[in-house]
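# Structural description and commentary
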Amino acid sequence: MSRINNDVAIAEGAYSWQLMMLAMAFISGIGSASVIFSANKILFLYGLIIGLLHLTFNVAFIKPLKNVSDKIQSKLSEVVQRFSDIISGAFVIRVFMIGEIIFKKFIQTNLAVYKLSLKRINYNSILAAYNYTAGRLIFFGQIVIGGYLVMKNKLTFGNLMISVNMMGSLLWLFGSVGQFLTNLQSSLAGAQRIFEVLDIDEKYLDDTKIEYISLPMVTEINQNSSSICIEFKEVSFSYSETKEVLNDITFTVPKCAKVAFVGKSGGGKSTIFKLIMGFYKPQKGEILIFGRPISCYTVKELRSLFAYVPQDCYLFNGNIYENIRYGKLNATEKEVIEAAKKANIHDFIMSLPEGYNTKVGDKGLTLSGGQRQRIAIARAILKDAPILLLDEPTSSLDSESELEVMKALNALIEGKTTLIIAHRLSAIKDADIIYLIEDGKVIEKGNHDELLRIKGKYANLYLKQFATKYYF
Ligand SMILES: Nc1ncnc2c1ncn2[C@@H]1O[C@H](COP(=O)(O)OP(=O)(O)OP(=O)(O)O)[C@@H](O)[C@H]1O
Ligand SMILES: [Mg+2]
């Protein structure tokens, strides 16, 4: 946010007005210099030497000014971060009564910006004071030298007046070059911070390029006889160097099957989904979709294959209708309503005074978790993609709604390949294959009955959940 708000404006200064000022200074400075030169060479030499000294002094301030500008910019971004913490975390801050501490941190960061800004103002003031005083002294020197030359009849009074008039523009040129260089430093500091974002990792998948053009297109593969939809071949992946999240994992997802991933929190289930959708590149191994390596898809091709219901459903600012329609941008009103009905959210929407036009607020915060989830499901239903990725699609629903939504999902799943992550095992009992993921590996594989029979970790997990349910 800070980079967009502050740095872009600062970087923009370089070409929006600084270059223009410099161009103006050059035109008038060079014009004046030639006039002074033709009036008197000694006065011209005087102007040149003083101007260069002037420039040197201004340039000496560039480095400290850049340092302090850099620091101000990065502190300003911290101010934005802390402020957004205060707004987004308002409930937690109140409940834990940590307002004072959080606010103090915010004030401290602001104070740091204030102190750094004072420092920058100090530098600028010294520079401005010098430039002003130097300007007067130069004028004085010019009168003394010029006066002497007039007395010696080496210069006419008229030419002295012309030189005095023109000297201002010449010095403006040297002063402007110094000023430009200092301002350019701030702009570069801003630009550098913008480029830090632009340069982040080269895009893994490309919007235009297909590397293996000779491979058949998805639609052709879709129709061929291979029965495998998704295949992970010894895939290893880590977000950072310190910890491996997926560890040589190998598994397949048959076409049109319902495949479930279960396991401990933090085991790497959601990460598998992110890899399938091409958000990250595995460090080792290969992922094939319809027999084709994922790196051979364009982003557009790949993303059109999936409908995704994320673990933490995100709704966009706008109304409910728009939010569902993002699943298929050219959907008709009838299709949107149909999808909402299937996701078991239509009745709720109709009970709202503004129905489908109800605004969902920032990040959808005016709705409950379950309502948001069902809207996200409706969005996925509308997309009607061949592969469904459901990351805990019913985690925020009560048992009754869960049953309803599972029914809707089951209707949708028909004829599609579905990957589903679930903590509540009741939601995946009927899956064709269940993979138990732990520490980035598949440790058990089979359908519900098979896994119960081997009395392993899945059976344990299931019995525990069953017992809890029974107990309550
Ligand atoms: N963007 C990220 N950057 C760094 N580490 C991450 C990131 N996302 C997840 N992780 C780490 O990767 C590991 C696996 O996370 P993942 O979200 O895949 O787990 P999960 O099996 O889906 O867990 P849960 O059941 O709680 O949703 C965790 O240890 C997590 O801390
Ligand atoms: Mg997860």
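Residues numbered from 1 in each chain as written. Chains lettered and ligands numbered in written order. Predicted model: local features only at pLDDT ≥ 70, side-chain atom pairs only at ≥ 80, totals over all residues. Heavy atoms only, no water.

By the naming in an unreviewed UniProt entry, the protein goes by ABC transporter related and is assigned to Caldicellulosiruptor diazotrophicus. What UniProt states about the protein under its Subcellular location (unreviewed entry) heading is, verbatim, "Cell membrane". (UniProt positions renumbered as here; feature names shortened; annotations may be inferred.)

Applying the stated criterion across every chain yields a total of 12 salt bridges. The salt bridge partner of K75 is E78, with a shortest N-O separation of 3.4 Å. With a gap of three residues between them, K75 and E78 both fall in helix α3 (residues 62-88), about one helical turn apart. The partner of R82 in a salt bridge is E78, and the shortest N-O contact between them spans 3.6 Å. (Salt bridge = Lys/Arg side-chain N within 4 Å of Asp/Glu carboxyl O. Helix = DSSP H or I, 4+ residues; strand = E, 2+ residues; numbered from the N terminus.)

Let us now look at the pairing of strand β3 (residues 258-262). By the criterion of burial, β3 is predominantly enclosed, with five of the five residues buried. Burial along β3 is two-sided: the residues K258, A260 and V262 and V259 and F261 are all buried. As paired strands, β3 and strand β8 (residues 417-421) are joined by four bridges and run parallel to one another. Residue pairing for β8: V259 is matched across the bridge by L419. In this structure, β3 lies alongside strand β9 (residues 433-438), joined through four bridges in parallel fashion. Within β9, the position partnered with V259 by the bridge is I433. (Buried < 20%, exposed > 50% of the residue type's maximum accessible area, 1.4 Å probe, protein only. Pairing = 2+ DSSP bridges.)

When the UniProt feature table is mapped to this numbering, "domain: ABC transmembrane type-1" (unreviewed entry) covers residues 1-186. End-to-end, the C-alpha atoms of residues 1-186 are 18 Å apart, and along that stretch the chain is 94% helix and 0% strand.

For any pair of aromatic rings, the description consists of the separation of the ring centres together with the inter-plane angle of the planes. Applying the stated criterion to the full structure yields 17 aromatic pairs. A ring pair is formed by F237 and Y239, whose centres lie 5.0 Å apart and whose planes are at 80°; its orientation type is edge-to-face. Assessed through its relative accessible area of 2%, F237 is described here as buried. A relative accessible area of 39% means that Y239 is categorised as partly exposed. Between F251 and F261, the aromatic rings sit 5.3 Å apart at their centres with planes inclined by 70°, giving edge-to-face as the arrangement. Placement of the pair is F251 in strand β2 (residues 246-254) and F261 in strand β3, with a sequence separation of 10 residues. Across the pair, exposure class does not vary: F251 and F261 are buried alike. Each member of the aromatic cluster is reached from another via a ring pair, and the members are F232, F251, F261, F273 and Y435. The ring of Y132 is capped by R136, whose NZ or CZ atom sits 4.9 Å from the centre of that ring. Positioned above the aromatic ring of Y297, the side-chain terminus of R292 is 4.7 Å from the ring centre. (Phe/Tyr/Trp six-rings, centres within 6.5 Å; stacked < 30°, edge-to-face > 60°. Lys NZ or Arg CZ within 6 Å of the ring centre and 35° of its normal.)

Compared with an ideal rise of 1.5 Å per residue, which puts 27 residues at 39 Å, α3 spans 39 Å between its outermost C-alpha atoms and is within 8% of the ideal. Three or more residues of α3 are buried, namely I62, L65, V68, S69, I72, Q73, S77 and V79. Looking at the buried positions of α3, the neighbouring elements they touch are α1 (2-39), α2 (41-60), α5 (99-151) and α6 (157-198). (Expected span 1.5 Å × (residues − 1). Contact = heavy atoms within 4.5 Å.)

Moving on, we get to the side chain of Q371. Examined against the element boundaries, Q371 turns out to sit in helix α13 (residues 369-383). Residue classification places Q371 among the buried positions, given a relative accessible area of 16%. There is a polar contact of 2.8 Å between the side chain of Q371 and the backbone nitrogen of S368. With residues near it in sequence (within four places) discarded, Q371 still touches I345 and F348. (Polar contact = N/O pair within 3.5 Å; in protein donor to acceptor, adjacent residues only side chain to side chain.)

The mixed open sheet is built from six strands, whose spatial order is β6-β7-β8-β3-β9-β10. Strand pairing shows two members of the sheet lacking a second neighbour, β6 (306-309) and β10 (441-446), which therefore form its edges. Put simply, the sheet's adjacent strands are angled 15° from each other on average, direction ignored. Pairing of β6 with strand β7 (residues 387-391), which is carried by four bridges, proceeds in the parallel orientation. Among the inter-strand pairings, Y308 is bridged to a residue of β7, identified as L389. Across the sheet, helix α8 (residues 269-276) lies against β3, β6, β7, β8 and β9, angled at about 145° from β8, the strand it touches most. (Axes fitted to C-alpha atoms, helices over the stretch in contact; angles between N-to-C directions.)

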